[in-house]
Amino acid sequence: MSRPQRISPVHRLACALALSILAALTSLAAAGCSSSPDAPQAGEFEDFLGHATHLGSSLYRINATTEGSSDRATGSCVEPGAPERIYSFTAPADGIARFAQSGTAPALHVRERWDDPATERACNADVNPLTGKADVFVEVHAGQTLYVFADNQDAESSGPFVLDYELLPLFPDLAPLKGVYRSRGYGLVLAIEGDAVHLFEASAHHCLVSLEGPTASLASVVDHIAPGPSPGTLALDINGSFTTIVFERVDALPEPCRNGGTPRIGSPGYRDDALGLFDVFAQTFRDHYTFFDLRGVDWEASVASERAKLTSTSTDAELFASFSSLLAPLHDGHASVHTLEDDFESKPQEIQSVFESEHGALNLPGDVATYVHDQLVLARAAADNAIVGPVGRYQKHLVYGRLPGNVGYLRIHHFMWFRSELGLFLDALDTALASLSDTSRLVLDVRWNGGGSDVAAVEVARRFALDSRVFATKRARDGAGWTATRELMVAPSASPYAGKVALLVSGSTASAGEVFTLALRGRPNVQVIGWPTDGAFSDVLERQLPNGWQFGLSNEEYRAADGRVYEAIGVPPDLLLQGDAYPRVDRIDGVDRVLANVLAVMAK
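Residues numbered from 1 in each chain as written. Predicted model: local features only at pLDDT ≥ 70, side-chain atom pairs only at ≥ 80, totals over all residues. Heavy atoms only, no water.

Glancing now at the pattern of salt bridges. Between side chains of opposite charge, a pair can form when the charged atoms approach closely. Counting across every chain of the model gives 39 salt bridges. E421 is the partner of R61 in a salt bridge, and the nearest nitrogen-oxygen pair spans 3.0 Å. Of this pair, R61 sits in strand 3 (residues 59-65) while E421 sits in helix 9 (residues 420-435), and the two are 360 residues apart along the sequence. Given the relative accessible area of 19%, E421 is considered buried. (Salt bridge = Lys/Arg side-chain N within 4 Å of Asp/Glu carboxyl O. Helix = DSSP H or I, 4+ residues; strand = E, 2+ residues; numbered from the N terminus. Buried < 20%, exposed > 50% of the residue type's maximum accessible area, 1.4 Å probe, protein only.)

Here is the structure:
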């Protein structure tokens, strides 16, 4: 789904959040709400909205720490003994309250009464790899008071955390729509029972609960719910994406979905069966993967060969090796499998592969992952060195300034901005562009942009679009056919940048970064310069296995305005640069010669 699913685990956002309030105040606050020998009264808890900083729109943020706190209320998803901070929250209006916590090992839960576990409304200790946060969604009404617990997963993980709140619109009342619905494409089954929903991932071999709870819990993946295009259908808009999934009413739950669906590890009835897990994996790709022919893979032959190597009692290592062997020939940045110990990506980001190869070829000491990280830091620093005068930044993911000759420079590292945080990023972007409004030329650098939200990518593109146009279409595989085709359009923002733009891309420009490239490509004010992009457009269809593993695949086809599908080959630049896209000598010298070449082109 979207760039929830658009952002493959290849492009995970690493969150490293620091304590931003004075240590003395933190100690006093912690002591005031956690070290009293007597059980606190409700009024003694910190008021959430009174304590939080208003960042804009409906987004509020608290920076604090659980260090020095005690464990007074254990959530259903938390180990006993983990310290927490407790906040009282009074809803300012009706809506769906989203609380999101990040930190060392966040665990977030919400209750109607702080001391009554039976009043728990939500609990989550699973960190979203796209946002680096554990979040919960709770329907609230004006004046209602809840207790929000910024907790930890265990006693050893106490420390600084960031806790966000934003208010989202309520979904329509789904009670009158009670029944079972099956999606067109995407392999989902939705069951509605009053205010409760169950969302299943389904195939011929399994039906696994993906989400269950009150209607508000759908807000973790859905922005809007509305009647579908025909009677008996529902349309769900996936957040961060231009994906609308249509569900059709069916008579009953499919057989594998009944009685709670396929048992998962740790639940009654679960059986560790390697062949069964293999069949779920293979069938999901069979049902939904879009590019076997394009990527020259005979899936059925590969599946038969790998299955023959396994038995029901094959080890996890053997099963993981089999999955990896199936995915490797796809060479697809959005095809991957992840266990608790291992990750396999069919096509890692190009810059990662280059730096890993460099580390091996030079026989360098030290950890290869550390080397890759350090080299990316050096590459970005070399680009920063070209900036004349002050360097502007937003959370280290947006960099801007001026290059020699009064050429504007703006570098965007990713498009992983969702909901209210997207508005904050766009405000920062508008501030950056306002500071460069007296320039007539600008380098827009997305060489290392591995993706994110399509919605964010198009919102940024609007700042450089001088007219409205359809730049692409998308559709998803639906059995032997396709879902309805959707047009993707970009329209100018209120004050788009009016000068000439050099859009600098590389083979590490991927996913939503490529959607961004398509949105600006072919415009008279934009020249795309660099190397062909990655060639991975589809939103990632994320899936689980009953043993707790996760995997992703490409189930959507994006077609550019020129009628071509650039999956696997990437978007070609208007001006192809020669040589290495990531020169090691540049990182050694601290000089970005690629950027210098672009400036030379713009000067002509």
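Past the structure itself, the notes keep going.
Within the structure shown, the criterion is met by 29 aromatic pairs. Judged by centre distance (6.2 Å) and plane angle (50°), the rings of Y394 and F425 are tilted. Of this pair, Y394 sits in strand 20 (residues 388-394) while F425 sits in helix 9; the two residues are 31 residues apart in sequence, bridging distant segments of the chain. There is no split in this pair, since Y394 and F425 are both buried. (Phe/Tyr/Trp six-rings, centres within 6.5 Å; stacked < 30°, edge-to-face > 60°.)

Attention now goes to the sheet that holds strand 3. Strands sit in the order 2-3-10-5-8 across an open sheet of 5 strands; the sheet is antiparallel. Only two strands of the sheet have a single partner each, and these edge strands are strand 2 (53-56) and strand 8 (134-140). Adjacent strand axes in the sheet meet at a mean angle of 25° when their direction is disregarded. Across 6 bridges, the pairing between strand 3 and strand 10 (residues 160-168) is antiparallel. Of the residues in strand 10, the one forming a bridge with T65 is P160. On top of the sheet, helix 9 reaches strand 2, strand 3 and strand 10; it is set at about 95° to strand 3, its chief contact. (Pairing = 2+ DSSP bridges. Axes fitted to C-alpha atoms, helices over the stretch in contact; angles between N-to-C directions. Contact = heavy atoms within 4.5 Å.)

All right, on to the state of the cysteines then. Covalent bonding between the sulfur atoms of two cysteines is what defines a disulfide. Applying the stated criterion to the full structure yields 2 disulfides. Each sulfur of the disulfide joining C207 and C257 lies 1.8 Å from the other. Judged by the sign of its S-S torsion, about 90°, the bond between C207 and C257 is right-handed. Note that C207 is positioned in strand 14 (residues 207-214) and C257 in the loop between strand 17 (244-250) and helix 4 (274-288), a separation of 50 residues in sequence. Numbered by order of appearance in the sequence, the disulfide-linked cysteines of the protein pair as 1-2, 3-4. (Disulfide = S-S within 2.5 Å.)

In this section: a negative patch on the surface. Together, D272, D316, E341, D342 and D343 give the surface a local cluster of negative charge. Note on placement: D316 falls in helix 6 (residues 316-327). (Patch = residues over 30% accessible without salt bridge, like charges linked within 9 Å, V, L, I, M, F, W, Y side chains within 5 Å. Areas by Shrake-Rupley, 256 points an atom, 1.4 Å probe, with all protein chains shown as cover. Lys, Arg positive; Asp, Glu negative; His and termini not counted. Charge placed at Lys NZ, Arg CZ, Asp CG, Glu CD.)

A word on helix 5 (residues 299-307). Taken together, the buried positions of helix 5 are occupied by W299, V303 and E306. Around the axis of helix 5, the buried residues are gathered within 75° of arc, so they sit on the same side. At its buried positions, helix 5 is contacted by helix 4 and helix 6. (Arc of directions from axis to C-beta.)

Excluding glycine, a negative phi dihedral is what most residues carry, and trans is how most peptide bonds are arranged. The backbone of N363 sits at a positive phi, close to 55°, despite the residue not being glycine. Tracing the sequence through the fold places N363 in the loop between helix 7 (350-361) and helix 8 (368-385).

Strand order in the open sheet formed by 7 strands is 14-13-12-11-17-16-15, and the pairing between neighbours is antiparallel. Each of the sheet's edge strands pairs with one partner strand only, and the pair in question is strand 14 and strand 15 (222-227). Strand-to-strand twist across the sheet, computed as the mean angle between neighbouring axes with direction ignored, equals 25°. For strand 11 (residues 179-183) and strand 17, the ladder comprises 4 bridges, and the chain directions are antiparallel. The partner of V180 across the bridge, within strand 17, is V250.

Moving on, we get to the pairing of strand 17. Looking at chain direction, strand 16 (residues 233-238) and strand 17 are connected through 5 bridges and run antiparallel. The residue of strand 17 that forms the bridge with L236 is I245. Hairpin remark: strand 16 followed by strand 17, antiparallel, with 5 residues in the connecting loop; positive phi at G240, about 75°.

The next subject is the side chain of D586. Mapped onto the elements, D586 comes out in helix 12 (residues 584-589). Ignoring anything within four residues of it in the chain, the contact list for D586 reads A382, V591, D592, R593 and V594.

One finds F247, F281, F285 and W299 to be the most contacted residues of the largest nonpolar core, which totals 52 residues. Considering every element that reaches this core, the biggest residue donor is helix 4, with 7 residues. Grouped together as the second largest cluster of nonpolar side chains are 49 residues, L422, L426, F516 and L520 included. (Core = buried A, V, L, I, M, F, W, Y, C linked by side-chain atoms within 4.5 Å.)

Counting all residues, the mean pLDDT for the protein is 91, and 93% of those residues have values of 70 or more. Here residues 1-39 is a poorly scored stretch, pLDDT under 50, and it has 113 contacts once near neighbours within four places are set aside; other chains count. (pLDDT = per-residue confidence, 0-100.)

Take the side chain of T66 next. Turning to its location among the elements, T66 is positioned in the loop between strand 3 and strand 4 (85-90). A distance of 2.9 Å separates the side chain of T66 from the backbone nitrogen of G159, its partner in a polar contact. Setting aside anything within four residues of it in sequence, one finds T66 in contact with P83, E84, R85, A150, N152, S158, G159 and F161. (Polar contact = N/O pair within 3.5 Å; in protein donor to acceptor, adjacent residues only side chain to side chain.)

This part covers the pairing of strand 30 (residues 550-554). Counted residue by residue, strand 30 has 4 buried out of 5 residues, so it is predominantly covered. With 3 bridges joining them, strand 18 (residues 336-338) and strand 30 adopt antiparallel strand pairing. From the neighbouring strand, H338 faces strand 30, where its bridge partner is Q550. The pairing of strand 29 (residues 540-544) with strand 30 spans 5 bridges and is antiparallel. Across the sheet, the residue bridging to V540 is S554, located in strand 30. As consecutive antiparallel partners, strand 29 and strand 30 are separated by 5 residues, and within that stretch G548 has a phi angle of approximately 95°, a positive value.

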